[in-house]
Amino acid sequence: MFSTSLNLPHVMRNGDQSVTTVKVGDALFGGEKVVLISGPCAVESPEQIELCARLVKEAGGSVLRGGIFKPRTSPYSFQGLGFEALKMLRNAADRVGLAIVTEVMNAEHVEKLEPVVDMIQIGSRNMQNFDLLKTVGKSSKPVMLKRGMSATLEELLNAAEYIMSNGNQNIVICERGIRTFDDFSRNTFDLAIIPMLKGLVRVPVIADPSHATGNRDLVIPVSKAAIAAGADGVMVEMHPDPEKALSDGAQSLYPEQLVTLSDGIEKIATAVERKF
Ligand code: PEP
Ligand code: MN
């Protein structure tokens, strides 16, 4: 176990407990195998998400992502198709045998998402929405907790503690980059927090190099670095036609890049005595 001067929340402490695993469909986060989550930033149409589902499955992914409500900086940007998109996401995943994860934006929506999704995503902007954290803490579904874009490690762990202390132990933490002064990337991917988290807490940790970098050319190398550093999986955005994507096209992989990524993950996983 790593040492830290941080005042770690109680339930989060690693101690001598073995690593907790979190099952989402066929995927087991925190087990021997690293997990690939992929899909578009947003669900845009039945055709788009069905094609994505097939491509993710073929590339060895086990969870399909796709936003139905999008937290956009501008109110004039595409906001997501809402609950109609949830059905599209579920149907597309069921056709090929994938689990689904989607972001919940407010506590009222949790009960509508809960029966349909396999995993609930808490987005970066909501990492300290404590009402929402308490609500998903009472949910029976696993939660992917994304790091707030300006959150410290202690704040991130306390957000996880909100969920756990309300009864839900099935949490996967996701590093998605922090506010940056760089002029080449959307955020700065905090590689070191991966081994830090893995050394401190008994919670699976994944990386989102898409939102961390904002640039599809950086997604493959950063994903590989995350796996090398001990991440239990990666979540990457992919779009069949990124130039026409309604959100985050620049960071969305082309389908063939997802296959390249998948090969890369397998090689790195082997090097760090994991499997894919
Ligand atoms: C997302 O994954 O769809 C997303 C909006 O990411 P973040 O909350 O990390 O910005
Ligand atoms: Mn996105």
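Bear in mind the structure is a predicted one, so any value in this text is a computation, not a measurement.

A. Representation of the pattern of salt bridges. Under the criterion given, the structure shown has 13 salt bridges. The partner of Arg95 in a salt bridge is Glu50, with the nearest N and O atoms 3.1 Å apart. With a gap of 45 residues between them, Arg95 in helix α2 (residues 83-96) and Glu50 in helix α1 (residues 46-58) connect regions that are remote in the sequence. The exposure class assigned to Glu50 is partly exposed, which follows from its relative accessible area of 24%. In this structure, Asp94 engages Arg90 in a salt bridge whose closest nitrogen and oxygen atoms are separated by 2.9 Å. Residue Asp94 and its partner Arg90 are both found in helix α2; the two are separated by four residues, about one turn of the helix. Among the ionic contacts, a cluster of salt bridges with common partners joins Arg90, Asp94 and Asp118.

B. Local environment of the site of ligand 1. In the vicinity of ligand 1, the contacting residues are Arg65, Lys70, Pro71, Glu103, Gln121, Gly123, Ser124, Arg125, Lys146, Arg176, His211 and Met235. Contacts to ligand 1 include Gln121, whose side-chain N or O atom sits 2.9 Å from an oxygen atom. In the model, an oxygen atom of ligand 1 is placed 2.8 Å from a nitrogen or oxygen of the Ser124 main chain. Burial of ligand 1 by the protein amounts to 97% of the accessible area it has alone, namely 290 Å². Of the residues assigned to the shell around ligand 1, the class counts are two nonpolar, four polar and six charged.

Calculation notes
- Residues numbered from 1 in each chain as written.
- Chains lettered and ligands numbered in written order.
- Predicted model: local features only at pLDDT ≥ 70, side-chain atom pairs only at ≥ 80, totals over all residues.
- Heavy atoms only, no water.
- Salt bridge = Lys/Arg side-chain N within 4 Å of Asp/Glu carboxyl O.
- Helix = DSSP H or I, 4+ residues; strand = E, 2+ residues; numbered from the N terminus.
- Buried < 20%, exposed > 50% of the residue type's maximum accessible area, 1.4 Å probe, protein only.
- Near = heavy atom within 4 Å.
- Polar contact = N/O pair within 3.5 Å; in protein donor to acceptor, adjacent residues only side chain to side chain.
- Areas by Shrake-Rupley, 256 points an atom, 1.4 Å probe, with all protein chains shown as cover.
- Nonpolar A, V, L, I, M, F, W, Y, C, P; charged D, E, K, R; others polar.

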